[in-house]
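Per-entry structural report
Residue strings, one per chain:
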Amino acid sequence: DDFTDLGPDDARATVDAFNAHYRELAEQLRIGYPEVRASDLEATESNTIDASPPLTRMLLPSMSRYHKLRTRTEASRRATQLAYATHLYRARNGHWPTSLDELPTSFGATMRTDPFTGHLFGYRVTEDGPTIYSLSENGVDNGGVHSSRWDDKVENSPDSDDFVFWPPQE
């Protein structure tokens, strides 16, 4: 029913709504985590959808999902480098680094930073070796309790939002 009476003014309003929406999203994506989380993008999308013509509501993609997935990919890349660096450190020094700050700067600095928080990845060492994890979307350190769904809300999911990269999880 919303589409039966659409006219030229509606087409212009749709284009204007798209332009405004994407300008705002582009700025939010430029800023990125930790200042702008997926929930912030979801709020922008919701506000745009509520105030937009029907055609705009139908065509808008979910940028919040893209933002979260892109950041997960970057977290995975960095954590892989970090796991390698901790193993290399152990091979050279005979023990695990007690903190990520012990890793030589020649190993790289960016890999230590969890892209979700802008701070160091979660890290702890036990007698079994190191645990390397992201604090993920909520930015709260749940002690490295692995969430296999990584903030994809599902029934019976644990309270933790942490995602453990090392040791590998089932």
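Residues numbered from 1 in each chain as written. Predicted model: local features only at pLDDT ≥ 70, side-chain atom pairs only at ≥ 80, totals over all residues. Heavy atoms only, no water.

1. Some details on the overall build of the protein chain
- Counting secondary structure elements, the protein chain contains four helices and three strands.
- Listed by position from the N terminus, the elements making up the protein chain come as α-α-α-α-β-β-β.
- In the protein chain, which comprises 170 residues, the share counted as buried stands at 41%.
- Of all intrachain contacts in the protein chain linking residues separated by at least 6 positions in sequence, the fraction that spans at least 24 positions is 50%. (Helix = DSSP H or I, 4+ residues; strand = E, 2+ residues; numbered from the N terminus. Buried < 20%, exposed > 50% of the residue type's maximum accessible area, 1.4 Å probe, protein only. Contact = heavy atoms within 4.5 Å.)

2. Regarding helix 4 (residues 63–93)
- Between its first and last C-alpha atoms helix 4 spans 44 Å; for 31 residues at 1.5 Å apiece the expected length is 45 Å, and the two agree.
- Following helix 4 by one or two positions, Gly 94 adopts a phi angle in the positive range, close to 80 degrees. (Expected span 1.5 Å × (residues − 1).)

3. Regarding the nonpolar core
- Core analysis: the biggest nonpolar cluster contains 20 residues, and Leu 82, Leu 103, Phe 121 and Phe 165 have the highest contact counts within it.
- Put simply, the parts of the chain that give this core at least two residues each are helix 4 and strand 3 (163–166).
- Per-element accounting of this core gives the leading share, six residues, to helix 4.
- Within the second largest apolar cluster, five residues are counted, among which are Leu 25, Leu 29, Leu 41 and Met 63. (Core = buried A, V, L, I, M, F, W, Y, C linked by side-chain atoms within 4.5 Å.)

4. Here's the deal with the sheet that holds strand 3
- Ordered by their spatial adjacency, three strands build an open sheet running 1-2-3, and the pairing between neighbours is antiparallel. Every other strand in the sheet has two partners, leaving strand 1 (122–126) and strand 3 as the edge strands with one partner each. Each strand axis lies, on average, 30 degrees off the axis of its neighbour in the sheet, ignoring direction.
- Relative to strand 2 (residues 129–134), strand 1 runs antiparallel, the two being bridged by five bridges. Looking at strand 2, one finds that Arg 124 is bridged to Thr 131.
- Against the sheet, helix 4 contacts strand 1, strand 2 and strand 3, and its axis sits at roughly 40 degrees relative to strand 3. (Pairing = 2+ DSSP bridges. Axes fitted to C-alpha atoms, helices over the stretch in contact; angles between N-to-C directions.)

5. Some details on the environment of Leu 88
- Take Leu 88: it is sitting in helix 4.
- Taking the C-alpha atoms as reference points, Leu 88 and Phe 107, 19 residues apart in sequence, are found 9.4 Å from one another.

6. With respect to the packing of aromatic side chains
- Per the stated rule, a full pass over the model turns up three aromatic pairs.
- An angle of 70 degrees between the planes, with centres 4.8 Å apart, marks the rings of Tyr 33 and Phe 116 as edge-to-face. Here Tyr 33, found in the loop between helix 1 (8–31) and helix 2 (38–50), pairs with Phe 116, found in the loop between helix 4 and strand 1; they are 83 residues apart in sequence, far enough to count as distant.
- With a centroid separation of 6.2 Å and an interplanar angle of 85 degrees, the aromatic rings of Phe 121 and Phe 165 are classed as edge-to-face. Of this pair, Phe 121 sits in the loop between helix 4 and strand 1 while Phe 165 sits in strand 3; the two residues are 44 residues apart in sequence, bridging distant segments of the chain. No difference in accessibility class separates Phe 121 from Phe 165, as the two residues are buried. (Phe/Tyr/Trp six-rings, centres within 6.5 Å; stacked < 30°, edge-to-face > 60°.)

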